[in-house]
Amino acid sequence: MPSSVMPTSTKGAGPRTPAAVSAVSALGLRKSYGDKTVLDGIDLRIPAGSVFALLGPNGAGKTTAVKILSTLVSADGGQAQVAGHDLAADAQAVRAAIGVTGQFSAVDGLITGEENMLLMADLHLLPRREGRRVAAELLERFGLTEAAKKPASTYSGGMKRRLDIAMTLVGSPRIIFLDEPTTGLDPRSRHNMWQIIRELVTGGVTVFLTTQYLDEADELADRIAVLNDGKIVAEGTPEELKRLVPGGHVRLRFTDPDAYRAAAAALPAGTPDEDSLTLQVPSDGSQRDLRTVLDRLDNARIEADELTVHTPDLDDVFFALTAAGGPTKEAVR
C-alpha cells in the first residue's frame, strides 16, 4: 500500500492537522536482541492529530517499536523523529512531548488515585498549586473524583486504566503511545476507553495505538500498519486494507425472475442463487468496481430490488497477511 495515501477517515471525531505535518516518522528502523531480529527496517509516517494503529501477532515487534519511539530503548539502525525532534540527538525533547501507557499499569496500588496524580505532577516539576489543579481536573474528566481518596488497589480494571491514562496526561503530551490499552477490560470499559481516545484526538493529540483487538483498530484508527516478523507487510486505512484480501462481493437481490435472469446474463462472473433470486458478484468494494456493476445493469436496463456491498473484515486481513507465506508488502501495493 503506498505510503502516500493519506487518511480519509474521521474516526477521531476531531479536526485534523494538515497531513503534511508528521507527529512520528521513521525510516529503516531496526532492532535485534542477540540473533533475533525484532524490527527489520520499518518505515512509518503518522500525521499529527490522528489515530495510528500497529497490528501484529505476539512477538511481531509492536512493543519494541513503541519502546524505541518513546526513547525507552535504542534502535540498532535507522532514523526517527517524534514531535519534530530527532530520536537519537534530542531524546529529552521527545520525552517532553510524549506520554506512554504501557501494557501493564503504572498505577501504585498502595496510594490513592489522587496521590498517584500528584506524584506524577511532581515528576513533571509542576508547582504544587498547579499540580493539584491539573490532578483535580483530570480526575474529574476521567470520572474518578469520587474514588480519588481511595487506595488505587481497590479500583476496578477499567478504573485503573483510566487513572493510568490520566497520569499520562499530566504533562499535556502532544503524542500518546498506548500499548494494548484495553487488554483484560470488560466490553463496557473497552468502549469507555475508546471514547477517551476519541476525545484526546478531538483535542489535537496524536495517538499511537498497539492492539490485538481488530475491532478496536477498525473502530478507532485513521490508518493501520500490519507488522509481521519485524516487517510492515501492509499499511493503509481500514477500508483500504480490507480490499487487499479476496472475498468481497456485491449481492444483488431481485423479486422479478426475468430481471434476475437478465442480470445473471449481464454479469457472467456472478454466482447465481435461483432459490433466493440473488446474484453474488466478486468485487473489491471500491467505488470504481461498484460503478462497473451498476453500469452493466443500467446498460441492460435492469434494476435490482436490493444491493449490498460486502468486504472482508480486519480479521480476514490480519490472518491473510500474517499467515506463513502470506502476501508481502510489495505484493499488496
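If you're wondering where the values come from, they're calculated on a predicted model, not measured in any experiment.

Caption draft 1: Spatial organisation of the sheet that holds strand β1 (residues 22-33). Taken together, four strands build an open sheet; the order of strands is β2-β1-β4-β5 and the sheet is antiparallel. Edge strands, defined here as strands with exactly one partner in the open sheet, are β2 (36-47) and β5 (85-86). In this structure, β1 lies alongside strand β4 (residues 77-82), joined through five bridges in antiparallel fashion. By the bridge assignment for β4, Ala26 is matched with Ala80.

Caption draft 2: Spatial organisation of helix α3 (residues 113-123). Residues of α3 that are buried include every one of Gly113, Asn116, Met117, Leu118, Met120 and Ala121, and no others. Close packing links the buried residues of α3 with α4 (128-141) and α5 (157-168). Taken from the residues just after α3, Leu125 is the one with a positive phi, measuring 60 degrees.

Caption draft 3: Expanded view of the pairing of strand β9 (residues 223-228). Burial runs high along β9: six of the six residues are buried. Side chains of β9 alternate between two faces, with Arg223, Ala225 and Leu227 and Ile224, Val226 and Asn228 buried alike. Hairpin connection, β9 to strand β10 (residues 231-236): the antiparallel pair is bridged by two residues, and Asp229 has positive phi, about 50 degrees.

Caption draft 4: Region of the structure containing the side chain of Asp164. Residue position: Asp164 is located in helix α5. On the accessibility criterion, Asp164 (3% relative accessible area) is buried. Among the polar contacts made by the side chain of Asp164, one reaches the side chain of Arg161 at a distance of 2.9 Å. Those residues in contact with Asp164, other than ones at most four positions away along the chain, are Thr101, Phe104, Ser105, Ala106 and Val107.

Procedures and definitions
Residues numbered from 1 in each chain as written. Predicted model: local features only at pLDDT ≥ 70, side-chain atom pairs only at ≥ 80, totals over all residues. Heavy atoms only, no water. Pairing = 2+ DSSP bridges. Helix = DSSP H or I, 4+ residues; strand = E, 2+ residues; numbered from the N terminus. Buried < 20%, exposed > 50% of the residue type's maximum accessible area, 1.4 Å probe, protein only. Contact = heavy atoms within 4.5 Å. Polar contact = N/O pair within 3.5 Å; in protein donor to acceptor, adjacent residues only side chain to side chain.

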